[in-house]
Amino acid sequence: MKTIKQISIFLENQRGKLSDILTALKDQNIEIQAASVADTTEYGILRLITSDQKKASALLAEKGHLVNINEVLAIQVEPDTASFADAVDALTSGGCSISYLYTFHKDGKLVLIIRPANLEIAERVAKEKGLTLIQGWE
């Protein structure tokens, strides 16, 4: 399967929690390539793509954070809204349900990080629609 690993860290909504995580990664020379934060009133979820997912997840778990590693799709498109919209439309019109999505730029392209309801269906649809999938980099 052409997926990449994403780290999800559960955070209490308290001052300094995000800074503690970022400082720990910085101190170990782990680069953040993409990040997303979703929050509720009591906690947040920090989702990261880093230069070394295994090292980052082990480090953060060692520091007492609740860390999960998830498989997500990374789809590379041209860095414009039309390409972004076309990729999302291709997936959804093909029957994919997207749980969440975030983006970042890499090498002059836009990368969509997508957590679909069903990875197998999403990968099949992406291939059928001619979307460019990025397979795990670390």
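The rules behind these values
Throughout, residues of each chain are indexed from 1 in the direction in which the sequence is written. Per-residue local features of the predicted model are confined to residues with pLDDT of at least 70, and side-chain atom pairs are confined, for both listing and counting, to 80 or more; whole-chain, interface and lining totals are unaffected and use all residues. The side-chain numbers reported here are obtained from all heavy atoms of the structure, hydrogens and water having been left aside. Centre distance within 6.5 Å is the pairing criterion for rings of Phe, Tyr and Trp, where only the six-membered ring of Trp is used; planes under 30 degrees apart are then read as stacked, over 60 as edge-to-face, and the remainder as tilted. A helix here means a DSSP run of H or I that spans at least four residues, while a strand means a run of E at least two residues long, and both kinds are numbered starting from the N terminus. Cation placement over rings: the criterion is NZ of Lys or CZ of Arg within 6 Å of the ring centroid and within 35° of the ring normal. Any residue under 20% of the maximum accessible area for its type is buried, any over 50% is exposed, and the rest in between are partly exposed; the area is computed with a 1.4 Å probe on protein chains only. Polar contact criterion, stated in full: a pair of N or O atoms within 3.5 Å, where within protein one must be able to donate a hydrogen and the other to accept it, and residues adjacent in sequence count only if both atoms are side-chain atoms. Only heavy atoms enter the contact rule, under which two residues are in contact if any of them lie within 4.5 Å.

Visitor: It is not clear to me how the packing of aromatic side chains should be interpreted in this structure. Could you clarify?
Guide: Two aromatic rings are characterised by how far apart their centres lie and by the angle between their planes. The tally for this structure, following the rule as stated, stands at one aromatic pair. Ring plane angle 50° and centroid distance 6.4 Å describe the contact between Phe10 and Tyr43, whose orientation is recorded as tilted. Pair noted here: Phe10 is in strand S1 (residues 4-12) and Tyr43 is in strand S3 (residues 43-50), with a separation of 33 residues, a long-range link. Directly above the ring of Tyr100 sits Arg47, whose terminal nitrogen or CZ lies 3.6 Å from the centroid.

Visitor: What exactly am I supposed to notice about the side chain of Ser8 here?
Guide: Looking at where Ser8 falls in the secondary structure, it is placed in strand S1. Classification of Ser8 as buried rests on a relative accessible area of 5%. Looking at Ser8, its side chain comes within polar contact range of the side chain of Gln6, at 3.4 Å. Reaching out from Ser8, the side chain makes a polar contact with the side chain of Asn70 at a distance of 3.0 Å. When residues no more than four places from it in sequence are discounted, the contact partners of Ser8 are Ile45, Leu46, Arg47, Leu66, Val67, Asn68 and Asn70.

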